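A closer look at the structure
Residues per chain, in single letters:
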Amino acid sequence: RASHALPPVVAAHLALATTYGLRPVEMREVGKEDLDFSSGPIYVETRKAGRQRYHLIPPEIAPILQQYNWPPRSTSYVADLFTLLKSTARLTGQAWQEVGLYSLRRGLARALLHGGMNEGQVHIFMRWKRGGQEMAIRYATGTVLGEEGAITHAPALRDEELDRVAFTINPWLPVWGETTP
């Protein structure tokens, strides 16, 4: 059971990185008050002008997040956790020296795209900032006035539905499910 071999601090942050693609600075901001295990959401204070949002907590990582006490920490401390993980797992060599937490973020985005989510859905799930190039996505997922004056909604997934779709595609969640008691 891999999660039992990792210190709780490493397992908790790795679970955040592999499930939501959180940046180190976003992981630093997660505190006990941002996790609601009774109803299931985690609040992500998104950086780089992305949209703040709540994500569902999948059952595969809930026990791992609950085991950690979430004290205040620095961004460099969170980034160093990945170095500790690589050391613990004996991932050495030149190739591993260039791999960091952002590699997990990029890998998750790639997996979601290859798993069937469209660019707009990945964009929303990853909490990327809005730019001019997404105008078609913003218009296509909003409220539309129908031909006969009826208001209809374009086919868009709510955040919770989007999370559930992403969780079925996420290649790391099944691994976390195997590691929890």
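Look a little higher up for the structure.
In short, a report on the structure. (Residues numbered from 1 in each chain as written. Predicted model: local features only at pLDDT ≥ 70, side-chain atom pairs only at ≥ 80, totals over all residues. Heavy atoms only, no water.)

**Some words on helix α2 (residues 8–20)**
The periodicity of an α-helix, 3.6 residues per turn, causes residues three or four positions apart to be oriented the same way. In this model α2 runs 18 Å from its N-terminal to its C-terminal C-alpha over 13 residues, within 8% of the 18 Å that 1.5 Å per residue would give. Among the 13 residues in α2, twelve count as buried, and that is most of the element. Taken together, the buried positions of α2 are V9, V10, A11, A12, H13, L14, A15, L16, A17, T18, T19 and Y20. Trailing α2 by a residue or two, G21 shows a phi angle of about 65°, which is positive. (Helix = DSSP H or I, 4+ residues; strand = E, 2+ residues; numbered from the N terminus. Expected span 1.5 Å × (residues − 1). Buried < 20%, exposed > 50% of the residue type's maximum accessible area, 1.4 Å probe, protein only.)

**A look at the packing of aromatic side chains**
Tallying each qualifying case throughout the model produces four aromatic pairs. Centroid distance Y43 to Y54: 5.0 Å. Interplanar angle 55°. Geometry classified as tilted. Within this pair, whereas Y43 is found in strand β1 (residues 41–44), its partner Y54 is found in strand β2 (residues 53–56), the two being separated by eleven residues in sequence. For Y43, a relative accessible area of 23% corresponds to the partly exposed category. Relative to W70, the ring of Y68 has its centre 4.7 Å away and its plane inclined at 75°; by these criteria the two rings are edge-to-face. Across the pair, W70 and Y68 agree in class, each one buried. Aromatic ring contacts, followed pair by pair, group Y20, F125 and F167 into a single cluster. (Phe/Tyr/Trp six-rings, centres within 6.5 Å; stacked < 30°, edge-to-face > 60°.)

**Remarks on the pattern of salt bridges**
Oppositely charged side chains can form a pair if their charged atoms are brought close together. A complete count under the given rule lists nine salt bridges for this structure. Salt-bridge contacts for E26 lead to R23; the nearest nitrogen and oxygen are separated by 2.5 Å. For R23, a relative accessible area of 6% gives the class buried. Between D159 and R53 there is a salt bridge whose closest N-O contact spans 3.6 Å. (Salt bridge = Lys/Arg side-chain N within 4 Å of Asp/Glu carboxyl O.)

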